[in-house]
Amino acid sequence: MNPTRILPDLQASLLCEDVRQEATGNFFLVGVINLIRVPQLPIVAGRLCVFNRWAAGLGQFTENIRLIAPDQTTVLRKGEVKFELRDPALHATNVMVFGQVEFKAAGTYFVEVLVDDVMKLRYPVPVIHAPPPAQTPPPPPEEKKP
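What counts as what
- Residues take numbers from 1 onward in each chain, read along the sequence in its written order.
- Under the rules for a predicted model, residues below a pLDDT of 70 receive no local features and side-chain atom pairs below 80 are neither given nor counted, while totals for whole chains, interfaces and linings still include all residues.
- Only hydrogens and water are removed before side-chain values are computed, so all heavy atoms of the structure are retained for them.
- Between 30 and 60 degrees the pair is tilted, below 30 it is stacked and above 60 it is edge-to-face, where a pair is any two Phe, Tyr or Trp rings, Trp via its six-membered ring, whose centres lie within 6.5 Å.
- Working rule: Lys NZ or Arg CZ, within 6 Å of ring centre, within 35 degrees of ring normal, means a charge sits over the ring.
- Side-chain atoms within 4.5 Å link the members of a nonpolar core, which is a set of buried Ala, Val, Leu, Ile, Met, Phe, Trp, Tyr and Cys residues.
- Only protein chains enter the calculation, and the probe is 1.4 Å; a residue is then buried if its accessible area is under 20% of its type maximum, exposed if over 50%, and partly exposed in between.
- In this text, helices come from DSSP runs of H or I with a minimum length of four residues, and strands from runs of E with a minimum of two, each type numbered from the N-terminal end.
- The contact definition used throughout considers only heavy atoms, calling two residues in contact when any of these lie within 4.5 Å.
- Strand pairing requires that DSSP identify at least two bridges connecting the strands.
- To get an axis, fit a line to the C-alpha atoms, keeping to the stretch in contact for a helix; angles then go from 0 to 180 degrees between the N-to-C directions.
- Polar contact is the term for a pair of N or O atoms within 3.5 Å; when the atoms are in protein, one must be able to donate a hydrogen and the other to accept it, and sequence-neighboring residues count only if both atoms are side-chain atoms.

Things to note about the packing of aromatic side chains
Inference 1: For the structure shown, the criterion picks out 4 aromatic pairs.
Inference 2: Feature note: the residues W54, F61 and F83 constitute an aromatic cluster, connected by ring pairs.
Inference 3: Positioned above the aromatic ring of F110 is the side chain of R122, whose terminal nitrogen or guanidinium carbon lies 3.9 Å from the ring centre.

Considerations on the nonpolar core
Inference 1: With 27 residues, the main nonpolar core has L15, L48, V50, F103 and V111 as its most contacted residues.
Inference 2: Counting residues per element, the ones that place at least two in this core are β1 (9–21), β3 (36–38), β4 (43–55), β5 (59–68), β6 (75–85), β7 (91–103), β8 (107–115) and β9 (118–129).
Inference 3: At 5 residues, the largest contribution of residues to this core is made by β7.
Inference 4: Apart from residues lying up to four places away in sequence, V50 is in contact with S13, L14, L15, I65, N94, V95, M96, F98, V111 and Y123.

Some thoughts on the sheet that holds strand β2 (residues 27–32)
Inference 1: Strand order in the open sheet formed by 4 strands is β2-β1-β4-β7, with antiparallel pairing between adjacent strands. Here the strands that pair on one side only, and so sit at the sheet edges, are β2 and β7. Strand-to-strand twist across the sheet, computed as the mean angle between neighbouring axes with direction ignored, equals 45°.
Inference 2: One ladder, built from 12 bridges, connects β4 with β7; its direction is antiparallel. Within β7, the residue paired with V50 across the bridge is M96.

Quick word on the side chain of T62
Inference 1: Summarising the element assignment, T62 is placed in strand β5.
Inference 2: A polar atom in the side chain of T62 sits 3.2 Å from the side chain of K82.
Inference 3: If we skip the residues at most four places from it in the chain, T62 touches E80, V81, K82, L114, V115 and D116.

Have a look at this one:
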């Protein structure tokens, strides 16, 4: 008996500043994000990318990505993409781009990755308010003595 559908495994999911693809098909991930440190709030991130690699599946699937606020109910951004794996030995790479994401407050945000409404991964993205250090004025110039 040959299976006609196998739910894929999520091999990797990374939040980054940008994703580029070489002529060879390989990907460059630019600025993989551990946390977001900002000098002021609210602040707008011009571009955030979620890079997902799926493997060991068979069939057609729908990937859903959600960026959740610290209250764990507000969805800041969401996106959906359909993909297919024709053989379990193959993989699929999806990149979701979110533009102009506003972070209104510090706290722990979450990226959720689902395939066909099954949660595969949920990971934290801390947003930390770190104002620049207070600038002390330079001392006045010393007067030259004759």
